[in-house]
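Understanding the architecture of this molecule
The chain contents come next:
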Amino acid sequence: MTVETADRVHVNNTVVELFENVGPIDWDDLPAAAELTQRLIREFAADKALFRRLLLAVEHDPYLWAKCEEDVVEDKIVLWDDVEKGLRIRLRMSTDHQQQLAHNHRFSFTNLVLRGTYLHRNYVARNGFDENTLPDDVQPLMLHEDRAGECFTIHHNALHSTPFTELGTISLVLRGNPVKDRAPVMFKEARGREEALRRLTEGQAEGQAEGRGELSEIEPETAEVGTMFWRVGEDRESAERRAERQMTKEKYHFWCRRLEELGII
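Below or above, wherever it landed, is the structure these notes cover. Note that the structure is predicted; figures quoted are calculated from it, not measured. Within any chain, residue numbers begin from 1 and follow the written order of that chain's sequence. Residue-level local features of this predicted model are given only where pLDDT is at least 70; pairs of side-chain atoms are given and counted only at 80 or more, and the full residue set underlies all totals for whole chains, interfaces and linings. Only hydrogens and water are set aside when side-chain values are computed; all heavy atoms of the structure are taken into account.

1. Comments concerning unusual backbone geometry
The residue Asn127 is not glycine, and still its phi comes out positive at about 65°. Helix and strand assignments come from DSSP, with helices taken as H or I runs of at least 4 residues and strands as E runs of at least 2, each series counted from the N terminus. Along the chain, Asn127 turns up in the loop between strand S6 (117–125) and strand S7 (138–147). Per-residue accessibility, obtained with a 1.4 Å probe over protein chains only, is compared with the maximum for each type, and a residue is labelled buried under 20%, exposed over 50%, and partly exposed between these values. The exposure class of Asn127 is exposed, given its relative accessible area of 80%.

2. What to know about the nonpolar core
Each nonpolar core is a collection of buried residues, namely Ala, Val, Leu, Ile, Met, Phe, Trp, Tyr and Cys, held together in the definition by side-chain atoms within 4.5 Å. Ranked by size, the top nonpolar core spans 39 residues in total, and within it Phe19, Phe44, Ile77, Leu79 and Leu91 carry the most contacts. Those elements that provide at least two residues to this core are helix H1 (3–19), helix H2 (30–46), helix H3 (48–57), helix H4 (62–65), strand S2 (74–82), strand S3 (87–94), strand S10 (170–175) and helix H8 (249–261). In terms of residues, this core owes the most to one element, H2, which gives five residues. Leu91 has contacts with Phe51, Leu55, Asp75, Lys76, Ile77, Leu79, Leu114, Ile170, Ser171, Leu172 and Leu259, leaving out every residue within four places of it along the chain. Membership of the second largest hydrophobic core comes to 11 residues, among which are Ala102, Phe129, Val138 and Val232. A contact between two residues is defined here by any heavy atoms of the two lying within 4.5 Å.

3. So, the packing of H3 against H8
Interhelical geometry of H3 versus H8 gives an angle of 170° and a closest axis separation of 11 Å. Comparing the axis directions of H3 and H8 gives the class roughly antiparallel. Considering the relative orientation of H3 and H8, their crossing is left-handed. Contacts between H3 and H8 pair Arg52, Leu55, Leu56 and Ala57 from the former with Tyr252, Cys256, Leu259 and Glu260 from the latter. Note that Gly is not counted as nonpolar here; it falls among the polar residues with everything else outside the nonpolar set of Ala, Val, Leu, Ile, Met, Phe, Trp, Tyr, Cys and Pro and the charged set of Asp, Glu, Lys and Arg. Grouping the amino acids of the contact of H3 with H8 by side-chain chemistry returns six nonpolar, no polar and two charged. Between N-to-C directions, angles span 0 to 180 degrees; the directions come from axes that are lines fitted to C-alpha atoms, helices contributing only their stretch in contact. Should an angle lie under 35 degrees it is considered roughly parallel, over 145 roughly antiparallel, and from 65 to 115 roughly perpendicular; all remaining angles are considered oblique. For any pair of crossing helices, the crossing counts as left-handed if the nearer helix is rotated counterclockwise from the farther one by less than a right angle, and right-handed if it is rotated clockwise.

Encoded structure:
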């Protein structure tokens, strides 16, 4: 056994100890799930030695490495995944301005903000939220900030948006098992150059009035208010799409250094 392999085994054994007495989590009992998962993710974040060992082991674990992504407005590093318990720890790092994206999730989760701020909106959607929902059907209920050191827990059916108000905002997510194959997302504000957002032809306008048709499963780089797409699990993505989103070793090493500089690990 190599030193790297031995260290990975030690790390995995250590993190299992934190979760070893955790049984199946009933995310539908959100107050109880929030109390438990917020305690767990805070305890994990406070153990900087463990946090660091898991982070540095990721690039040597093909299973975890395949789940590390560079996306349109954020990067993601998966630190730990227990399939049997249905729990995963993931780092999220903002890399660009994010628009209001009204969405729900395929899974319930708890988020601990480590650095920066989220501007958090909760919405209500008339007649439900799906590919036929129109922008005016989605109305805000509450606006608040989630700052460094604060936790929030979200049920998979909750409709919200969490744009980063500071570049470099970093959070830890403890998520449950997916309960949906895909979840819809709606742009509540435009993304991209103004001229690109004004290209509505008469036919496109008619198409919106009659129905959206099939939504894309790829987040667009430019979008108008009301544009929708699906977020899906990696099992629904093509090999080409997974390759496009795969984090580079250069970016991963950048984040390792940055997290150390910030005193997070």
